[in-house]
Amino acid sequence: MDHGIMVEDLLAMGSLCLLLIVMATSSSVQDPRVLHFQLIDGMQLQINVSGCSSGRNARVELQLKNSTRTWILHWGFVYHGNLNWYTPSEHSSRAKAYKQGALQTPFVKNAELYVVNIELRDPKIHAIEFVLKDGSQDRWLKLNHGNFRVEIPEYDASVPFPSIPQDLVDRKAYLIWESRGGPNSSPEQQKVVMLVKLGFKEIHKHHKVIETSRDYADALKELQNKLSKGISLNELQCSYMNASRKTKARDDTETSRCGTPSSYHRRHDVEKWLQRQSKGHENKTGQSSSTLMDLVEKSIGGNNVVSKQNYFIGIYEIVVLSKVVTGDYHILVALNVKGTAVLHWGVSKSSGGEWLAPPSDMLPEKSKMVVGACQTFFTDISSTEVSFQQRKFVGIQFVIWSSGTWIKNNGANFFVALQPMLPSGKVDGYGKGIVKWLLEEISQREKEAERSLMHRFNIATELTERCNAEGELGLIAILVWMRFMICRHLTWNKNYNVKPREISEAQDRFTNLLQRTFLNQPNDREIVRLIMACVGRGGQGDVGQRIRDEILMIQRNNDCKSGMMEEWHQKLHNNSSPDDVVICEALLNYLRSGFKLDVYWKTLYANGLTKEKLASYDRPIVSEPHFRIDAKEGLIHDLTMYLKTLKAVHSGAELESAIESCLASSFKNQDLARADRVNVFGGLSLKLQDCLHFVKTHIGDENIGPLMEKLLESRTEIRPLLLTPHRLAKEMLFLDLALDSAVRTTMERGLKDLNFSYPPEIMFFTSLVLENLCLSTVKNEDIIYCTKDWYHAPESYKPIDAQWALRTKAILDRLQIVLSDRSLNYQNNIQPSAEYLGKLLGIKKTTIDTFTEELIRAGSAAVLSMLINRFDPILRKVANLGCWQVISPVEVCGFVTSVNELITIQNKVYRKPTVIIATRVTGEEEIPDGVVAVLTSDMPDVLSHVSIRARNSKACICLATCFDQNTFRNLKVKEGRAVSIQLKSSNLIVSDISGSNLSLSSLVSSSISRRITLKRKTFCGRYALSVEEFTTEMVGAKSCNIKFLRGRVPSWIRIPMSVAIPFGAFETVLSQDVNKDIANKIIFLCKFVHGGDVSKLQEIKGAILQMSAPLSLTIELMSKMKSARMPWHGDEGEGRWNRAWQAIKKVWASKWNERAYLSCRKAKLNYEDLCMAVLVQEVIRGDYAFVIHTKNPLSGDTSEIYAEIVKGLGETLVGAYPGRAMSFIAKKNNLRCPIVTGYASKQIGLYCKPSIIFRSDSNGEDLEGYAGAGLYDSVLMDEVENKVLDYSNDPMIVDKAFQTSLFSKIAEAGKIIETLYGCPQDIEGVVKDGMIYVVQARPQI
């Protein structure tokens, strides 16, 4: 029987809303399903649903009766587990797309009805949602301020349910039998149970026995019931698969105790979890650029700008620039709209959360005062400027009115902080990156906060609201404070009596605010999660009051009204805290152990509660527990229930209480639940409920595989619910925190049982831990792509396959870089606030120093690092890599010196042979004089600057990477001792020796054996040269080599079009009158540099960037580029030329790079004779960039070509970018069979729009006996874009045929060019659409 639905007509905020809806139900199955709605003005809506999604024949017919005007159906469909609307790729011609993600279909008159028919072919569609639009009056008919929803049945109700597989019924029957405690059964049933435990291998032979059992009947009934509710067979099979996994793992002696499932872990579409840093959120440490920002900077001049930021809010871009003019702050705000726009703003005087009306005498033009604010109209390029007239404000807050709407920053005000001004008129930057006012106010209010947790949480709520404009740094301050609190470094209660209900309500307000912050500030979600992990969930009403009431009932029911229980009762009444959870657990352990006091104290001490701590409470606990023996069972029952009450208030992220809280909240509202499986307004999905019940039951299992999968399934079900506002939002967030923590602790617990010599097992658990980290991380793009790449590892696994091990190890190498970057980011962002606040609060120095380290260890990434560190040696063994990669193979002896970063000692001179043990080597450093070896745990590229220096130094320097952390730690311990380094196959042997025979006499001089001189070049009188005009007197070796190769290489090897700015052009431009002051400044600074003050090099470079260009240089260069048919991308206006001119100056300025200066000084080159030409080329925006060495630089084998390849531009290959390039070798007599020696682990690829590159081309490069390449800069005219790389579908990695073809072609190009020159070559090039471009070549040194 169908039920009509009565609807009230309510007009609110321009929308017509329906107040009540009851979905049409039927006592008997009908086909089609019919739903009735009683609408406004006597109008009725009938919906007929026929077919099913699995049959790809679902049809929805909507009929409007008694309608007097035209209505439009505004609709979309939703998938299982997804709240977003989608539209079909093919739809009726009458349906029109409306913005994004919706269609609008007009109702068509059919006799007395208005009808819309929708046919759905996609089997994944779960429901359609819609609202009705009145086309004549432009109003909307909604359902309870939301959407109408029509479920699409997965199976046709007119046919029987699909046949349920026998093994699925068997699994469910066994679970029911097990849940009943494995009751006594007949011999036949016992036989069935045994067969189930054997893995269901023979269960089908005996299913008739099971059919007679009550468990089987119940199982079949429950499965059919779930099918009727829309759960698919596939989902049911996944849900109950773990039963067989668990029993099989328990009894199968050939598998690990950790229980890797026999059917490998189901992959997730992890790219759907991608969370990039939102551009709309201010990042004080970063500056981004855009066309609007360039326009604004050009209009005001780039000088004196101290900070700049752009926001992207919908279709709007907002640029904010701060500059200092004659000691006064000016803030300029620009907006990318035409027409009227108004800046609605106020000033902040004492804190970032303050909004005050500005003084009337500082208002800009076109301003007017309104209540509490100023309104300023935008002018000229839609911008407005505010001058502070040397007033002391901490910043301004603003919103913008444009086109009839308010533009806000993720729902909040925009805030521009003014950095403190020094007496000199210069700006004192953010320094360590802290919100000083907030940390100081926290310190000042700590005395009030320590009165009770109620006071603390109320203050935290207030300060969190006030620091909203401070962004992430404000939340970090709150995090540090809360973590000091939860770790008991701060007092929880002092001389104040507060009710548990009041604490609970204060917690509730604070956590509600944090949940809203989590929802509205996507960039800050990771910090919010960390804060919430320190705070209980709290609650309104009787949640906290139950703490008081229930302890009284426990005392009365179990006759324990004195002694320790009465002392605890008084403490609970006075000021309940998270300590009470520990005390309750200690009492339970005491009772269960048979009244053993040592168990009681052991539990307390393990959680930081000593006798002294218990005695320090305002209501001290000084007695030990003592109960009657006959009260044991009653107390265990009552305290177990009481523990749940305590955890409900104090333990937000504790798993059991989080699960129970969500399930209870869900069941409370089951009367609102609909037939859909994901109902965020009512209950939890059935799948999530099943997962949570499984987790609760199996959380302590030794066989952790099924448990880990269920934990991850739970998190993936919860994820979409975390990103939308709804009734259970906070409970879901606490549950997700608890599940995240449970993944970590479960994996840590199971590590001891993992079989690391069995890779499939390790890959399975690594996948789970990776997915968990993806779900917990905000800026997770790198982790997402690593996870996608990791999914290929089990698929391609073959025992003892060296290529598989190399590729898998490259993924782990990249993950180690990602984890290291995350750790460094935490240290840089969080530790400064911990140090500042810790000192203000008098926290112990050891606690402050390890604050961030402990935070990292407690996070999701720590267990992944453990897995990587244990699996890496296994992979190295399979790949035949040993624990060393020897980059420069030299046998040496020396004294060990350990440093953190090689760059910190590159200027030193050691007076005895020294072996440097360096944790960090980027590849850009100089190797100090006196060093005979550099051993590092870092991974500098084989073709990096430091690698080339080591191999070509006359001092014979050994350079090697150590991949075994134990070996590397042992090397550090040898500080000051003499060692010998010997080569054995591809490994190093480091041995202790006597240092008595090591002295300066045993150290080969690091100076060049014969003096190298530079021939000073003179200006040829022309500012630009075509390639035909290149000579060694006018340009460097790069340009001359380009000229040499043109016309000599085969047509399939392409050479980019080139022109050059010759030697002497820089000196000539500098000598002109317009640059006279700059020239004098450079001469003055050079005196300091030659005197040993290399810090002045940076000032010289800055001065060069201020030079002005003569008109003749501009005209000549543009003319030569046109003659060479070199494309000039973009307009030929002043802006584009200014970019080119700035790039040219940067190349000239790179002559004074510190590394270049030190290198030349070591080689005793006369720096005054160093001249810089500039090679100008079109940027080849290739798919890959490569470097070829036609003699293997690692082995010195002239019969082998060695090459490295990266995605995007080649700067990531020759620059100090973390990670390794892909590398291969090829025999010159067999180029068609290249051998991969290493897979890519670079995180970043560089890409740019069509542009020009200006390459350094000095007379100090490619000299015999001195490798000067890489010391100077090449600069793109336009900014490059950093992209996080995804290798999971890259043909260079995954397509063997493509890989072989590409590498062979690169190797062949190298061999051809080597033949042309007659000696080994160092070649740089690009692959674009399968074509090879060579951009430069030089002799391999």
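Everything numeric here is computed off the predicted structure, so don't read it as measured data. (Residues numbered from 1 in each chain as written. Predicted model: local features only at pLDDT ≥ 70, side-chain atom pairs only at ≥ 80, totals over all residues. Heavy atoms only, no water.)

**Student:** What is the right way to look at empty space enclosed by the protein in this model?
**Tutor:** Space left empty within the atom packing is revealed by a probe, the size of a water molecule, rolled over the atoms. One pass over the full model with this rule turns up seven cavities of 30 Å³ or more. Taken as a whole, the second largest cavity holds about 150 Å³ of empty space. If you trace the second largest cavity, you find 13 residues lining it, with Gln275, Phe518, Arg529, Leu722 and Leu775 closest to the centre. Sorting the residues of the lining of the second largest cavity by element identifies α11 (525-532), α20 (704-722) and α22 (759-776) as the ones contributing at least two each. Of all the elements, α20 adds the most residues to the lining of the second largest cavity, at three residues. (1 Å grid on protein atoms, 1.4 Å probe; cavity = no way out; pocket = protein on both sides within 12 Å on 5 of 7 lines; lining within 4 Å. Points joined across faces, edges and corners; volume = space filled by probe spheres on them. Helix = DSSP H or I, 4+ residues; strand = E, 2+ residues; numbered from the N terminus.)

**Student:** What is the right way to read the sheet that holds strand β28 (residues 958-962) from this model?
**Tutor:** Within a sheet, neighbouring strands are paired by backbone hydrogen bonds and run either parallel or antiparallel to one another. The strand order across the open sheet built from seven strands is β24-β28-β27-β26-β25-β29-β30, with neighbouring strands paired in mixed fashion. At either margin of the open sheet sits one strand with a lone partner, and together these are β24 (884-888) and β30 (987-992). When the angles between neighbouring strand axes are averaged without regard to direction, this sheet yields 35 degrees. Relative to β28, strand β27 (residues 929-936) runs parallel, the two sharing four bridges. Bridged to Val934 within β28 is Leu959. (Pairing = 2+ DSSP bridges. Axes fitted to C-alpha atoms, helices over the stretch in contact; angles between N-to-C directions.)

**Student:** Whenever I open this one, the pairing of strand β37 (residues 1222-1227) confuses me. Can you help?
**Tutor:** Within a regular strand, the side chains alternate between the two sheet faces. A large share of β37 lies buried, amounting to five of its six residues. For β37 and strand β38 (residues 1230-1238), the ladder comprises four bridges, and the chain directions are antiparallel. Bridge pairing in β38 links Ile1225 to Ile1235. Remark: two residues form the turn of the hairpin made by β37 and β38, two consecutive strands paired antiparallel. (Buried < 20%, exposed > 50% of the residue type's maximum accessible area, 1.4 Å probe, protein only.)

**Student:** For this particular structure, what's the right way to read unusual backbone geometry?
**Tutor:** Among all residues except glycine, the phi angle is most often negative; among peptide bonds, the trans geometry is most common. Even without glycine at this site, Lys366 takes up a positive phi of about 55 degrees. With a phi close to 50 degrees, Asp559 is a non-glycine residue in the positive phi region. Its location among the elements puts Asp559 in the loop between α12 (542-557) and α13 (563-575). Under the relative-accessibility criterion, Asp559 is labelled exposed at 52%.

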